[in-house]
Amino acid sequence: MQPTSQHFQAAVVEDALRLLEAFVDATPGVTFAVLSSADGFEIAAHPRGVARARRLAAMSSSLQALSEAMAGEAGLEGIRNLVIESNGGTVIVLGVGKVTPRLSLTVVARGDETLGRLLWASRECCASLERRLLPATN
Amino acid sequence: MSGDREIKIVFTGPMGAGKTTAIRAISDAPPVSTEVANTDRATNAKPTTTVALDYGQLLLEDGTAVSLYGTPGQERFSFMWEILCRGSLGVVLLLDGSTATACQDLQGYAEAFRRIDPNQPFVIGVGRVPPDDYRLDEYARALGARGIVAPVFGVDVRQREDVLLLIETLLCVLEAQMPEPDHAAH
């Protein structure tokens, strides 16, 4: 079976799930959020039981790594987030960078919620996750 | 085969088989790498793993520019296998011969990549075995039983010559597959 939370105790994962649930419920347009490891394992997701969560977790890991490689090639550094805008909505991948090894938060939003509001809310969610997860990694 | 042309080759195989190392060994410029910390030490103890791709370039003496793409090894990244195979002319399948699952891995990856593109030729490179290891024949037979004919080599992917042998063999297979020129046509 695919491991989903090597680094974190069940209580920490439960807290992460609660944070994701509160974020999804409170943020207009957001339909799904998944926290994943840098190497593509799902750690927590809301709503739970979404079949595509594992694939989205793996894809987030690929996209984030590729974005960093591309930014490096372009002489940039310090990737903050990755935004995919489509006709149907938006996907944002954010680094939960203070946790080591790095984690990613992937947010799927439908409709026409403004990108700025989505980004702001997603970063707040990242900060909450970091506050909860950081002590668990030390 | 000669002339200035560009071809794309994909390196694949299970986690830890040496895909990133092989591309690093032959790329003319430092390759693009997407390695991150490996948190799945139960599957493989190595500290990092590729999660998107490796990309390198190799210019052959005949002017052929070879784009080298390495895939992630884990099945959860199989979406990258399909993306990276678009436009690829052949597959270098690398295996870690010291693992108990090498022959099983060979069949699994060969079948997965055969499904992605039934016409792509394979060359197999088996690492961490003596060059004349008897199991290399077994690997070829296991593939043959599945209707896949592919040369199998024992290789050290850290050695440029060994990886170039795989590339040159793949190019020979490709050349053999090309239709004969029609000398009767005027």
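Scroll up to find the structure.
Residues numbered from 1 in each chain as written. Chains lettered and ligands numbered in written order. Predicted model: local features only at pLDDT ≥ 70, side-chain atom pairs only at ≥ 80, totals over all residues. Heavy atoms only, no water.

Draft legend 1. Structural detail: the overall build of chain B. Assigned secondary structure in chain B consists of five helices and eight strands. Counting from the amino terminus, chain B carries its helices and strands in the arrangement β-α-β-β-β-β-α-β-α-β-α-β-α. Its C-alpha atoms give chain B principal-axis dimensions of about 65 × 35 × 30 Å. Taken over 186 residues, chain B has a buried fraction of 53%. Counted over contacts in chain B with a minimum sequence separation of 6, partners at least 24 positions apart contribute 69%. Here chain B displays about 9,000 Å² of accessible surface, and carbon together with sulfur accounts for 51% of that area. Taking the 16 positively charged and 25 negatively charged side chains of chain B as two groups, their mean positions are separated by 8 Å. (Helix = DSSP H or I, 4+ residues; strand = E, 2+ residues; numbered from the N terminus. Buried < 20%, exposed > 50% of the residue type's maximum accessible area, 1.4 Å probe, protein only. Contact = heavy atoms within 4.5 Å. Areas by Shrake-Rupley, 256 points an atom, 1.4 Å probe, with all protein chains shown as cover. Lys, Arg positive; Asp, Glu negative; His and termini not counted. Charge placed at Lys NZ, Arg CZ, Asp CG, Glu CD.)

Draft legend 2. Highlighting the interface of chain B and chain A. Counting residues at the interface gives 16 residues for chain B and 20 residues for chain A. For the pair chain B and chain A, the two sides together bury roughly 1,400 Å², of which 67% comes from carbon and sulfur. The three residues of chain B that bury the most area against chain A are Thr39(B), Arg76(B) and Phe79(B), which together make up 47% of that side's buried surface. For the side of chain B that touches chain A, the secondary-structure elements that each account for two or more residues are β2 (35-37) and α2 (78-85) of chain B. A per-class count over the side of chain B that touches chain A returns nine nonpolar, five polar and two charged. (Buried area = accessible area lost by both parts, 1.4 Å probe. Nonpolar A, V, L, I, M, F, W, Y, C, P; charged D, E, K, R; others polar.)

Draft legend 3. Looking closely at the packing of helix α3 (residues 102-116) of chain B against helix α4 (residues 135-145) of chain B. All names here are of chain B. Running from amino to carboxyl end, α3 crosses α4 at an angle of 35 degrees, the nearest separation of the two axes being 10 Å. Here the hand of the crossing between α3 and α4 comes out right-handed. Contacts between α3 and α4 pair Ala102, Cys103, Leu106, Gln107 and Ala110 from the former with Tyr139, Ala142 and Leu143 from the latter. (Axes fitted to C-alpha atoms, helices over the stretch in contact; angles between N-to-C directions. Left-handed = near helix turned anticlockwise from the far one by under 90°.)

Draft legend 4. Broad picture of the environment of Thr27(A). Residue and element names in this part refer to chain A. By secondary structure assignment, the location of threonine 27 is in the loop between α1 (10-26) and β1 (30-37). Owing to a relative accessible area of 11%, threonine 27 belongs among the buried residues under this scheme. Apart from residues lying up to four places away in sequence, threonine 27 is in contact with Leu118 and Ala121. Looking at threonine 27, its side chain comes within polar contact range of the main-chain oxygen of phenylalanine 23, at 2.6 Å. (Polar contact = N/O pair within 3.5 Å; in protein donor to acceptor, adjacent residues only side chain to side chain.)

Draft legend 5. Main features of a negative patch on the surface. A contiguous patch of negative charge, built from Asp4(B), Glu61(B), Asp62(B) and Glu168(B), is present on the exposed surface. Structurally, Glu168(B) is set in helix α5 (residues 160-177). (Patch = residues over 30% accessible without salt bridge, like charges linked within 9 Å, V, L, I, M, F, W, Y side chains within 5 Å. Salt bridge = Lys/Arg side-chain N within 4 Å of Asp/Glu carboxyl O.)

Draft legend 6. Local environment of unusual backbone geometry. Residues and elements named next belong to chain A. Between histidine 46 and proline 47 the backbone carries a cis peptide bond, its omega angle lying at 0 degrees. The linkage connecting threonine 100 with the following residue, proline 101, adopts the cis geometry, with an omega of -10 degrees. Inspection of the secondary structure puts proline 101 in the loop between β4 (89-96) and β5 (103-110).

Draft legend 7. The arrangement of the nonpolar core in detail. Within the largest apolar cluster, 28 residues are counted, with the highest numbers of intra-cluster contacts made by Leu35(A) and Leu105(A). At the level of elements, α1, β1, β2 (42-46), β4, β5 and α3 (115-137) of chain A are the ones that each hand at least two residues to this core. When neighbours within four sequence positions are excluded, Leu105(A) is seen to be in contact with Leu20(A), Ala33(A), Val34(A), Ile92(A), Val93(A), Leu94(A), Val96(A), Ser122(A), Cys125(A), Cys126(A) and Leu129(A). Residues Ile9(B), Leu58(B), Leu166(B) and Leu170(B) belong to the second largest nonpolar core, which totals 24 residues. (Core = buried A, V, L, I, M, F, W, Y, C linked by side-chain atoms within 4.5 Å.)

Draft legend 8. Examining the pattern of salt bridges more closely. Tallying each qualifying case throughout the model produces eleven salt bridges over all chains. As a salt-bridge pair, Arg117(A) and Glu113(A) come within 2.5 Å of each other at their nearest N and O atoms. Residue classification places Arg117(A) among the exposed positions, given a relative accessible area of 53%. Close ionic contact of Glu35(B) with Arg24(B) constitutes a salt bridge, the shortest N to O distance being 3.6 Å. Within this pair, whereas Glu35(B) is found in strand β2, its partner Arg24(B) is found in helix α1 (residues 19-26), the two being separated by eleven residues in sequence. A residue is classified by how much of its surface remains accessible, and Arg24(B), at 46% relative accessible area, is partly exposed.

Draft legend 9. The sheet that holds strand β1 (residues 5-12) of chain B, seen in detail. Residue and element names in this part refer to chain B. Taking strand neighbours across the sheet as the criterion, the six strands line up as β4-β5-β1-β6-β7-β8 in an open arrangement whose pairing is mixed. Looking at strand neighbours, the two that pair on one side only are β4 (54-59) and β8 (152-155), the edges of this open sheet. In this sheet, neighbouring strand axes are inclined to one another by 25 degrees on average, regardless of whether the strands run parallel or antiparallel. Bridge analysis of strand β7 (residues 122-127) against β8 gives four bridges, and the strand direction is parallel. The partner of valine 126 across the bridge, within β8, is glycine 154. Sheet strands in contact with α1 are β1, β4, β5 (64-70) and β6 (90-96), and its direction is about 30 degrees off that of β4. (Pairing = 2+ DSSP bridges.)

It is worth stressing that arrangement in space is one thing and function is another; only the former is reported here.
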